[in-house]
Every structure is written in C-alpha cells, then in structure tokens.
Amino acid sequence: MCYKGYFKYLLVALLLFTAVAAVNAQNTIVTGFVTDAANKQPLSYVTVSFPGTTTGINTDSKGRYTLSTSNRSYTKLQVSFVGYKTSIIDITPGKEQTVNVKLQPDNTELDAVLIRRGKKKKYSNNDNPAVELIRKVIANKEKNRPEAYNYVEYKGYERLNFSFINVSENFSDKKFFRKYKFLLDNRDTTTVPGKNLLPVYLNEKVYQYYYSKNPERKKTTVLGEKGVNFGSFLDSEGIGVYFKHLYQNVDIYANSTVLVTNEFLSPISDAAPSSYKFFITDTIVVDNNKVVELSFTPRNTNDQLFEGSIYITLDGNYAVQKADLTINRKINLNWVKSMHIMLDFARNTDGRYYLSRSNTMADFGMSKNKKGGLFGQRLAIFNNYVTNVPRPDTTYQGTQEITSDAVKHRSDDFWAQQRQDTLTGPQSKVYANIDSLGRMKSFRRTVDIASLFLFGYKQFGPFDLGPANAFYSFNPVEGFRLRVGGRTNVEFSKRVLLEGYTAYGFKDQRWKYFLSGTFSLNNSSIFRFPQHYIKVGFQRDTRIPGQELLFLREDNFLLSFKRGNNDKYLYNDNYRIDYLKEFPNHFSIGVGLRKWTQEPAGSLYFDNSINGLANRVHDLTTSEATLTLRYAPHEEFYQGKVYRKSFINKYPIITLNYTKGFKNVFGGEYNYSDVSLNIYKHVFMKKLGEADIWIDGGNTFGQVPYPLLTIHRANQTFAYDPISYNLMNFLEFVSDHYASINVDQHFKGLLFNRIPLLKKLKWREVASVKSLWGGIRDENNPDLHPSLYEFPKESNGAPITYALGSKPYVEGSVGIENIFKVLRVDLVRRFNYLDHANIADWGIRTRIQFIF
C-alpha cells in the first residue's frame, strides 16, 4: 500500500509538471536587448510590441525587454524609437526565444542648420505650442471620457501581484529555509528585466461594468475572483484590500489621482500648465492617425507630480492615445523607490479612444538605494466597450459591486477562458505554493509568534490569548494592575465570538472582568463586511471620565504614564445588548440597550444637597436605549481580526447618535435624551497637502447630573491624539450643548522641501487647530439646583470642572512629522482658560505613525 501511495503521488506530480510545461510551451516569450547599431550602446524606453496590437513594453535602463503572449497568431515583433528606423522582425509563435535588436539611426537630411549663441531660453507658457496643445486637451477631456455617454459598459480584468525582490538564491540551501525550497526556488526573472522576483501574492478578478449618466449610477458585477489564501492566521482578503488601495486606478482625465495614499496632479488637469513644463518631442502615426508625443516634467521636482510623456491625437478630439508616467525619485515619499504607470488607449468602433490597458509597477523598500524590497504590479485590461445602449433599470440598481461566494470558486476552465493576460510560470504556481505554505506547521508557528508581537495575541487552537500590552499597567486608583484575557477565533466558530478578561488592582484590591458573546446573523464571519450581528456583554472595570483616545485602549501599558493629577476614576458596571446591521452601500444602523452604574473612585465624588443637607451619593444608575446611524460612502478598509482601519478617500463619514434614558426602568434614575452628530472629512489640497477635519455637535435634553452630560474629550498622556484636546485636563469641561471643529493639516513638505538640509531629511510640516464651543443651561447648573451633583473640586475647594463660557476653548500645534519616517513631534499651545488650576499651557507631544 505504501508503494502504491508513493507511486500515486509521483504520478500526480509528473502530470502536473507535464501540464505546466505544456502551458508554457504554448506561450510566445521573447526576450533580448535593444542597442544603437552605430555605437552599440543600450537604448532605454524603446517600444517593443506585436504589430497591430496593444500588447507591448518599453525597454529598461539597460535596454532589456521581455514580451510574452498566449496568442499564437503573433508572428512578428516591432521595435520603434524616436530618431531610429522602425524594425520589424519575424518570431516563432509558441516558443521562448531571444531576439537582440540593433536599431539604425534615422538620418534625415536637414535643409539648413541655424546655430545661435547665448543663454538658454527660459521656459515659458507664452507662445509655447506644447502648452497650446495641452490646453486643447484640457478643453476636450470631458467629451473624451467614457462617462460623456449616457450609457457605458465594458468587461474588465484585473491582476494584482506582489513579489520580493532579489532574494538570495542561497536561502533555499540554508538549513532553516530548506523546507520552503518549493517557494524560494519559484523565481521570476523575465517580468522585470534586471530583477529577480519571488512571487508571494496574487489576486485576479474578472467583472462587467455598467454606467448610467442620468441618474448617475455605477455597478460592477464580479464574474470571477481568485486570490491566494494564507490560512486563518493572516487575513488574505484584508491584505488584498490594502494592496489594492495602494494601487488605485489612474484616470488620466481626472484632475488628480491618489496613489499610495498621496494625491498626484494629472498632467492634463485644469491646473497642469502652471505645475508642469511641456515639450513636443515627436509626431508619429498610429492606426493611420497622427499622434503627437508630448513630454512633461514638474516645474518643481519636489512636488508630488508625474513626469513622462503622453500621446495626443490630432483628429480634432485631442484625446490621449497613450501615457507613460513615472514619479520623480526626489519626491518626499516614503517606502516607494520607484513607480511606473503605462496607460494604453484603443480606438473603439465609434472612433473614440478608450482605456484598454493600465499597468502600474512599483518598487517598495526601506531605502531608495538598496536593491531588495517588494515589487508590486497592478494590471488592468478593458475591452468590449458598448456605448449609448441602455439596459433595464435592474442592471444599474443595487450595490456598486456585487460579489458572491460562488465567484470565488470558479473552475480552472473559467480562468483559462476569461483571463485576458497570460500568467508567467512562477505566477501560475503562487496559488498552490501559498496554499501549501499556509498548511505548514513551521510557518503557522512563525506567524503565530509574529502575531503576538504585532497584534498582541497568541493563538492556542480555537482561543487567542491577549492583548499582551494590557497584561500589566498601573494607575493611582488601582495601583499595580494585572490582567489576563482573550477571545475565540475562526477555528472555534466563524459566526460566534466569545471574549473576556479578568483583572485585579493590588491597591484597591478589586476584581474587574468582562465577558461578551457576538453572534453573526448573516451566515458569514462576524468581521466580514457587511456585518450583521447581535452582541451581549457585561463589563465591570475602571474608566477615566473624558478619556476617549483614538488609537489606544485605556488599560494599555503606555497609558500608565500621564501628566498632572489623574486620580479621578469611575467604577463602571455595564450590561449591554447591541444589534448592528450594515448595508452594502456602507450605511449602517446600530441599536442598543444598556444598564449603566457609575461609582466614583479615587478623589472623585458624587455630592449634592437635599433639603439643605449635604449628601454623598454612592453610585448613579441609568437605563438607556441607543440608536446609531452611520454613512460612509465608498468606504474601503482593512479588516483585521478585531478591528478595522478605514482607508482615506474624498467622501465624508457621517455618524448620528441618539440616546434615551428611562427613569424607573431597571433602576434608571433619570429621564433624558442626548443627540450628537459627527462628520469626518479628509481633504486633498494639492500643493498645500491634505487635512483631516472633524466637526462635532451635540445637545442633552433634560435635567441630569454632570456624569450624564458631555464630558469633553481630554488627553493627559504624552502622546499626540488628533481628536482629543491634548492640553485639557480630564473632567475639566462639561456641557449640555456644544459644537467643535478640529483641523489636522499635513503640508507634505511644502516649505521643508525647499530647504536643502530639511529636504534631505524628508521632514514634513504639520499644524493643527481645535476649537470647542459649549455651555450649560440653568436647569443643569448645580449652583442653581443643589439636588444635582456639585462639580468636582480639589480638597482645598479649588474647582476642577467648569462650564464653557462665551468664548471657545482653543488649542493649536505646530510640528514635524516623518522623522525617521515614523515619528511625529508637536509643540502644542493652549490659548485660553489659562486661569484654571493645574493646567499646562505648553506641551510637547509625540506620536508613532507609518505614512507614505
């Protein structure tokens, strides 16, 4: 039986090898060098293509190229370059071959040569034919977009792949890496000449796109999607969304495009003539039509602009027929060593040019001078354009992108027919290799250890222990605090999540604990979009009133370090039931019920007067119903195991919260209502950089003590928090009505890029301003209503908590980010309410951040 089993696996392996060899044998792969026939020097950016097709590539800096196709009807190779005679060469279909080409200079005789002496003429837009041409392109760009038609549809294919660059070939021979030899030896040396690529990620998608102009509707129906699977230890889908976000589609006709989270101005944007220099460098004939090659370069090489060339038709439409874009190495951009974008436009049956192929390639690495790193490529192919053919309304209605589980399990035959570009041999092995890698125990152990350091959790079968950064902390109330907890994972259940912890404070000698259960209602993982779940839980723990930091948990070890006096805490008992429903259009509704008991701790107290007599209140109990409405159009995010990270886009995120308190229901002591509205918007500001803007407002209806009012978000840690007031003390301000605006401005090196030393350091300027208006009505003023809890005071009677007056609370900061690529340092200034006790009017705050 053992020999039969061994023979069976050997036979399967032999058949797979034969099948792969047969597929590769059917491909036409041509590699070689292009040189100058006269001086034998390599020629860069030479166009190598199959005549009469849009399949082509440019040579690299060493004159090398690699061109492949599965179409066996291609029998010739065309090599063309400005100033040289075009060469047409016969090739053999279905074979891998080397074709070196020597181009002959095109020695055109000139009638006369005029030589002028003097200074080089300064570049100017005035009387510049290149600028006049680009202005005509700008004037006509709206009619050249597919969206100029009432109806548009096309079929698309996208492929996203990532590879390690120049991994040493000796790795697979080392003892530790021998078990990964199948992966390390799968190298690609043809996709990018001069680079040795080790593919580790691949995702493909085939879809049908529909567009309706009036009313404007867009819909993408995914026909098939296929991606690598790293197993339950890594979120393959989340990684794919993150990679895709780095490579957004480049629309040459849009004023700007976002790549690696940064905005780049298009060379045919409305503002292009004032940002770029343009030059007419050649006139060629494509498909029997004259096309002008227009080269461009940034006026300031430090600005986030493209350089390269675009080809403009002279048929009266002034459409883009081709674009070759790169980014300058001098740009203040982290982690990106180089990026090259090639756009090809094909002439449709109506005579217009539409995007047919988009190929974006980038090298990522710690340093622009090192050879290693990560190579990423996003290839998109578009065809079967149909314009002004209306479909039934149901075609355009519904979600913007429809994806079902069925499309993720298409057969190999489906991909053989629908894949519009040929995978290289190493790329075709990625799916199987990563699947095998995910099942290896040694790899799972390595990822498990990495997960502990990066995310704070250690997996033990169906249970994750963590987070590690909360195991130990300390504060003035609890003293030395130990905590242990964890959660279940997908090995336990995809639809059920159980989580909890227990903690003990050695100073207050109290146990704290938390237990919750979440159940998915849509027969899907709890954390997959769109979420639909119900959650039940109980928590007994401490909390600082007014501390709501954006990035950290309250019991994180780093939050143990705070400035000033911070011994005013609350013991909280929370019984909660929450329901959440997300819709495909990124609108969500959340409904909750809560019984909440607050007990003052440390030096905090709840005191009031009854019939003129002082009274100490032990605790405050409320029973509440909550409603949360959230709308985040076109939101994309990386979905981790227990959190989401939204990616930046140009659309606002709007959140409306409503809370209703009930008296005499489950011990509730007050009737009241509270409503708040939050709007967040990321604004791209071209040369001025970009800004994050938060606008908040809220109102409490009813008479309630100060713990039920809005306790404004303060920060007494030494970390800079963009949504909190970094020089406001905890419990310093409370309001029953308020409005605020916070602006965090990133100038992206607007000034520093023009100062030689700072330009070399890649530092960037940041600034912020935060303003808060608010106050308390007479009905909630404890000085007028002694039955309400008095505002907290120091032991000497000095006030701690205040209501805002007629002027707003204002603080601002100036700072430097991108220090060592990860550090931000701000000098923060508080501008008013400086007469309050124990406040800081200046401060230095830092923050760790990873930005491009």
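As a further point, take the overall build of the protein. What the protein contains, in helices and strands, is 11 helices and 46 strands. Evaluated residue by residue, the protein yields a buried proportion of 50% over its 852 residues. Across the protein, contacts joining residues at least 24 apart in sequence account for 63% of those joining residues at least 6 apart. Accessible surface computed for the protein: about 42400 Å², of which carbon and sulfur atoms make up 57%.

Let us now look at the nonpolar core. Judged by nonpolar contacts, the single largest core of 85 residues is most densely connected at Ile252, Val260, Phe278, Phe306 and Phe364. The element best represented in this core is strand 10 (residues 197-212), accounting for 7 residues. Sequence-distant contacts of phenylalanine 364, that is, excluding residues within four places in its chain, are made with Phe162, Tyr247, Val260, Trp335, Val336, Lys337, Gly372, Gly373, Leu374 and Phe852. Of all hydrophobic cores here, the second largest spans 20 residues; its members include Tyr571, Tyr720, Phe730 and Tyr802.

Of all 16 residues in strand 10, 16 are buried; the element is thus mostly enclosed. Relative to strand 10, strand 9 (residues 151-165) is paired through 15 bridges, and the arrangement is antiparallel. Across the sheet, glutamate 158 pairs through a bridge with lysine 205, a residue of strand 10. Remark: 4 residues form the turn of the hairpin made by strand 10 and strand 11 (residues 217-227), two consecutive strands paired antiparallel.

Attention shifts here to unusual backbone geometry. Note that the residue after asparagine 214, namely proline 215, is joined by a cis bond; omega there is -5°. Within the fold, proline 215 resides in the loop between strand 10 and strand 11. The step from glycine 466 to proline 467 runs through a cis peptide bond, and the omega angle for that step is -5°. If you trace the backbone, proline 467 turns up in the loop between strand 23 (463-465) and strand 24 (472-475). Even without glycine at this site, histidine 586 takes up a positive phi of about 70°. Within the secondary structure, histidine 586 is located in the loop between strand 29 (568-582) and strand 30 (587-602). Even without being a glycine, lysine 821 presents a positive backbone phi close to 70°. By the secondary structure assignment, lysine 821 is in the loop between strand 44 (809-819) and strand 45 (823-830).

Let us look at the pairing of strand 38 (residues 690-701). Look at any regular strand and the pattern is simple: side chains alternate between the two faces of the sheet. Relative to strand 38, strand 37 (residues 672-684) runs antiparallel, the two sharing 12 bridges. Bridge pairing in strand 38 links phenylalanine 684 to glutamate 690. The antiparallel hairpin formed by strand 37 and strand 38 contains 5 residues in its connecting segment, where lysine 686 sits at a positive phi of about 55°. In this structure, strand 38 lies alongside strand 41 (residues 737-746), joined through 10 bridges in antiparallel fashion. Across the sheet, residue aspartate 696 finds its bridge partner in strand 41, namely serine 740.

This brings us to the environment of leucine 604. Relative to the elements of secondary structure, leucine 604 occurs in the loop between strand 30 and strand 31 (607-610). Since its relative accessible area comes to 7%, leucine 604 is described here as buried. Spatially, the C-alpha atoms of leucine 604 and lysine 793 are 8.6 Å apart, while their sequence positions differ by 189 residues. When sequence neighbours within four positions are dropped, the list of residues in contact with leucine 604 reads Asp567, Lys568, Tyr569, Leu570, Tyr706, Leu731 and Pro792.

Turning our eyes to something else, we now look at the packing of aromatic side chains. Both the distance between ring centres and the angle between the ring planes are used here to describe each pair of aromatic rings. Enumeration over the complete set of coordinates arrives at 34 aromatic pairs. Pairing tyrosine 513 with phenylalanine 538 gives two aromatic rings, centres 5.9 Å apart and planes at 45°, and the pair type is tilted. Here tyrosine 513 is found in strand 27 (residues 510-520), whereas its partner phenylalanine 538 is found in strand 28 (residues 532-543), with 25 residues between them in sequence. On the basis of relative accessibility, which here comes to 33%, the residue tyrosine 513 falls in the partly exposed class. Summarising the aromatic geometry, the rings of tyrosine 725 and tyrosine 809 are spaced 5.6 Å apart at their centres and angled 90° between planes, so their arrangement reads as edge-to-face. With tyrosine 725 in the loop between strand 39 (710-711) and strand 40 (733-735) and tyrosine 809 in strand 44, the pair connects residues that are 84 residues apart, well separated along the chain. Seen from the ring of tyrosine 501, arginine 483 lies directly overhead, with NZ or CZ sitting 3.8 Å from the centre. Sitting over the ring of phenylalanine 583, lysine 581 keeps its end group 5.4 Å from the ring centre.

One pass over the full model with this rule turns up 32 salt bridges. When the shortest N-O distance is used, the salt bridge between arginine 419 and glutamate 204 registers 2.6 Å. Pair noted here: arginine 419 is in the loop between helix 7 (412-418) and helix 8 (425-428) and glutamate 204 is in strand 10, with a separation of 215 residues, a long-range link. Residue glutamate 204 is classed as buried on the basis of its relative accessible area, which comes to 0%.

What follows deals with the environment of threonine 488. Mapped onto the fold, threonine 488 is located in strand 25 (residues 479-488). The buried category is assigned to threonine 488, whose relative accessible area is 11%. In this structure, threonine 488 is in contact with Pro462, Phe463, Val496, Leu497 and Leu498, ignoring residues within four places of it in sequence.

The next thing to look at is the sheet that holds strand 2 (residues 47-49). Pairing within the open sheet is antiparallel, and its 4 strands lie in the order 3-2-5-6. If you trace the sheet from one side to the other, it starts and ends with strand 3 (56-58) and strand 6 (87-90), each paired once. Taken pair by pair, the neighbouring strands of this sheet meet at an average axis angle of 20°, ignoring direction. With 4 bridges connecting them, strand 5 (residues 76-80) and strand 6 associate as antiparallel partners.

What follows is about the confidence of the model for the protein. Here the protein averages 85 in pLDDT, and 90% of its residues register 70 or above. Overall, residues 1-25 carries pLDDT values under 50, and its contacts beyond four positions in sequence, including any with other chains, amount to 3 contacts. Every residue in residues 549-554 is under pLDDT 50, and counting partners more than four places away or in other chains gives 21 contacts.

Criteria and thresholds
Residues numbered from 1 in each chain as written. Predicted model: local features only at pLDDT ≥ 70, side-chain atom pairs only at ≥ 80, totals over all residues. Heavy atoms only, no water. Helix = DSSP H or I, 4+ residues; strand = E, 2+ residues; numbered from the N terminus. Buried < 20%, exposed > 50% of the residue type's maximum accessible area, 1.4 Å probe, protein only. Contact = heavy atoms within 4.5 Å. Areas by Shrake-Rupley, 256 points an atom, 1.4 Å probe, with all protein chains shown as cover. Core = buried A, V, L, I, M, F, W, Y, C linked by side-chain atoms within 4.5 Å. Pairing = 2+ DSSP bridges. Phe/Tyr/Trp six-rings, centres within 6.5 Å; stacked < 30°, edge-to-face > 60°. Lys NZ or Arg CZ within 6 Å of the ring centre and 35° of its normal. Salt bridge = Lys/Arg side-chain N within 4 Å of Asp/Glu carboxyl O. Axes fitted to C-alpha atoms, helices over the stretch in contact; angles between N-to-C directions. pLDDT = per-residue confidence, 0-100.

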